[in-house]
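Here is how the chains run, residue by residue.
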Amino acid sequence: MDTSPDARRPLDPATVVVVAGRPDRSPDAPLSAPVVPASTFHAGGERAYGRYSNPTWEAFEEALGVLEGGRAVAFSSGMGAVSAVLDTLPLGAVVVAPLHAYNETLVTLRQRHERGALVVRPIDTTNVDAVVGALDGAALLWLESPSNPMIEVVDIAACAAAARAVGATVVVDSTFATPLLQNPLSLGADAVVHSVTKYLAGHSDLLMGAVVVRPDSPWEEKVRGRRETGGAIPGPFDAYLALRGMRTLHLRMRQAQASAAVLAARLAGHSAIERVRYPGLAGSPGHDVAIRQMRGHGAMLAVDVRGGAGAAEAFAGGCRLWVHATSLGGVESTLERRRRWPAEPVTVPENLVRLSVGIEDVEDLWADLARSLDALGR
Ligand SMILES: *Cc1c(COP(=O)(O)O)cnc(C)c1O
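As a convention, each chain's residues are numbered from 1 in the sequence order in which they are written. The predicted origin of the model limits local features to residues at a pLDDT of at least 70 and limits the giving and counting of side-chain atom pairs to 80 or more, whereas totals for whole chains, interfaces and linings rest on all residues. Values shown for side chains rest on all heavy atoms present in the structure; no hydrogens or waters enter the calculation.

Q: Any chance you could break down the packing of helix H12 (residues 308-317) against helix H13 (residues 362-376) for me, citing the residues and the numbers?
A: An axis is simply a line fitted to the C-alpha atoms; with a helix, the fit covers only the stretch in contact. Between two such axes, the angle follows the N-to-C directions and lies from 0 to 180 degrees. Numbering of helices and strands runs from the N terminus, with a helix taken as a DSSP run of H or I at least four residues long and a strand as a DSSP run of E at least two residues long. Two elements in contact, H12 and H13, have axes whose closest approach is 8 Å; the angle formed by their N-to-C orientations is 145°. Both H12 and H13 take part in a crossing whose hand is right-handed. The residues of H13 that touch H12, namely those facing Ala311, Ala314 and Phe315, are Leu369, Ser372, Leu373 and Leu376. Residues of the contact of H12 with H13, tallied by class, amount to six nonpolar, one polar and no charged. Crossing handedness is read from the near helix: turned anticlockwise from the far helix by less than a right angle, it gives a left-handed crossing, and turned clockwise, a right-handed one. Between two residues, a contact is recorded if the distance between any of their heavy atoms is within 4.5 Å. Note that Gly is not counted as nonpolar here; it falls among the polar residues with everything else outside the nonpolar set of Ala, Val, Leu, Ile, Met, Phe, Trp, Tyr, Cys and Pro and the charged set of Asp, Glu, Lys and Arg.

Next up, the structure:
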């Protein structure tokens, strides 16, 4: 349904995130898509079975698709989405992939490489020349920007152009940016992957994922087919909650991002911190590329804590307001030392603590960080 007050002016994403994926505005229709718990449907229609489609997922998919400028396919988790994309590749396909990305993405790539399903070429994707040099014969270029947990920014447009030149398709994991800050399809990517678990759902109470492809992409059918046979479907209640959470994405991201900028600057001035990784800091790597391809710098940052792994662990564990936990993108601020996970690449510093800034009062957040950091010196 067209909700645009002025046909010449497209709706702002802040509005789209509120209005997209709603039932038609007919008398007595509900404002929100209802939860439809159904394993099967009466015969004779298109839905047929609960692993093929569900009206609640479809409302979520419509909203995310409009926001990204493509067609969304929802999954039971971000990894379900990642796996579905990789499963569409032919046996032995060459994949150029980042050195630093979400650790389970790297694990599944490595496992596929080891069993001969794919040939994976790990590369520093922040270096466009290195990407260009690795693309020969590649079927797929996998990017993640900003990256987990190093908060590196990849020049998506430059990498996508290079991939296109050799006939490789490009996937961008855009979880940290969300569709409000970055639209990889408009930068030349063929598909976008989201861990919906994080900012989109936003309340640390469900897992979901999504793949978004260009409209009319033949990939949509392949990815849907993988969901059908792989079975990584979201539950209708989770899809409902994810869409409900997404309605406030603009407000949550605005607050979290503003606080992240304040905290990054203050952390950079603290004697217990060796380095702050945040593209919003002028002079940081990725700052200029982020200005070009993103609307803002996001709310994820990382710090290298002086004193090694022990100090980093003590910093994370010493917080009272910040939640010491994995995952990110919720209304509550969380932090953790990423190398506590054996799957994390060894090139991620032992003393790196990743911070996901939530929507609490920024002075409360700073007071907690400062107290825990000050305690390290004692
Ligand atoms: C969490 C995460 C994933 C995996 O998503 P799940 O919903 O946990 O399966 C993929 N990519 C990034 C960047 C993530 O942060």
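Q: How would you summarise the environment of Ala290 if you had to cite specific residues and measurements?
A: By the secondary structure assignment, Ala290 is in helix H11 (residues 287-293). Its relative accessible area of 1% is what places Ala290 among the buried residues. When the C-alpha atoms of Ala290 and Pro146 are compared, they prove to be 8.6 Å apart, with 144 residues separating the residues in sequence. Contact partners of Ala290, with chain neighbours within four places excluded, come to Val153, Pro279 and His297. Only protein chains enter the area calculation, which uses a 1.4 Å probe; residues under 20% of their type maximum are buried, those over 50% are exposed, and those in between are partly exposed.

Q: Tell me about the packing of helix H2 (residues 55-68) against helix H9 (residues 236-246), and please be specific about residues and values.
A: It is the contact of H2 with H9, at a shortest axis distance of 8 Å, that shows an interaxial angle of 35°. For H2 against H9, the interelement crossing comes out left-handed. Note on element contacts: H9 touches H2 through Pro236, Ala239, Tyr240, Ala242, Leu243 and Met246, opposite Thr56, Trp57, Ala59, Phe60, Ala63, Leu64 and Leu67. Residue classes in the contact of H2 with H9 are distributed as twelve nonpolar, one polar and no charged.

Q: Which residues make up the site of the ligand, and what values go with them?
A: It suffices for a single heavy atom of a residue to lie within 4 Å of a molecule or strand for the residue to be listed as near it. Around the ligand lies a shell of 14 residues, among which Gly78, Met79, Asp173, Thr197 and Lys198 are the nearest. Definition of a polar contact: a pair of N or O atoms within 3.5 Å, with one able to donate and the other able to accept a hydrogen when the atoms are protein atoms, and with sequence-neighbouring residues admitted only if both atoms are side-chain atoms. One nitrogen or oxygen atom from the side chain of Asn148 is found 3.1 Å from an oxygen atom belonging to the ligand. Separating an oxygen atom of the ligand from a side-chain N or O atom of Ser195 is a distance of 2.9 Å. Throughout, the Shrake-Rupley method with a 1.4 Å probe supplies accessible areas, and for residues the shown protein chains are the sole cover considered. Calculation on the ligand without its partners gives an accessible area of 380 Å², and the protein chains cover 94% of this total. Counting atoms within 2 Å of the grid points, the majority share of the ligand lands in the largest pocket. Buriedness of a pocket was judged along seven lines, with at least five required to meet protein on both sides within 12 Å; pockets are open sets of points on a 1 Å grid over the protein atoms alone, cavities are sets where a 1.4 Å probe fits but cannot get out, and lining residues have an atom within 4 Å of a point. A molecule is counted as occupying a cavity or pocket when more than half of its atoms fall within 2 Å of that pocket's grid points.

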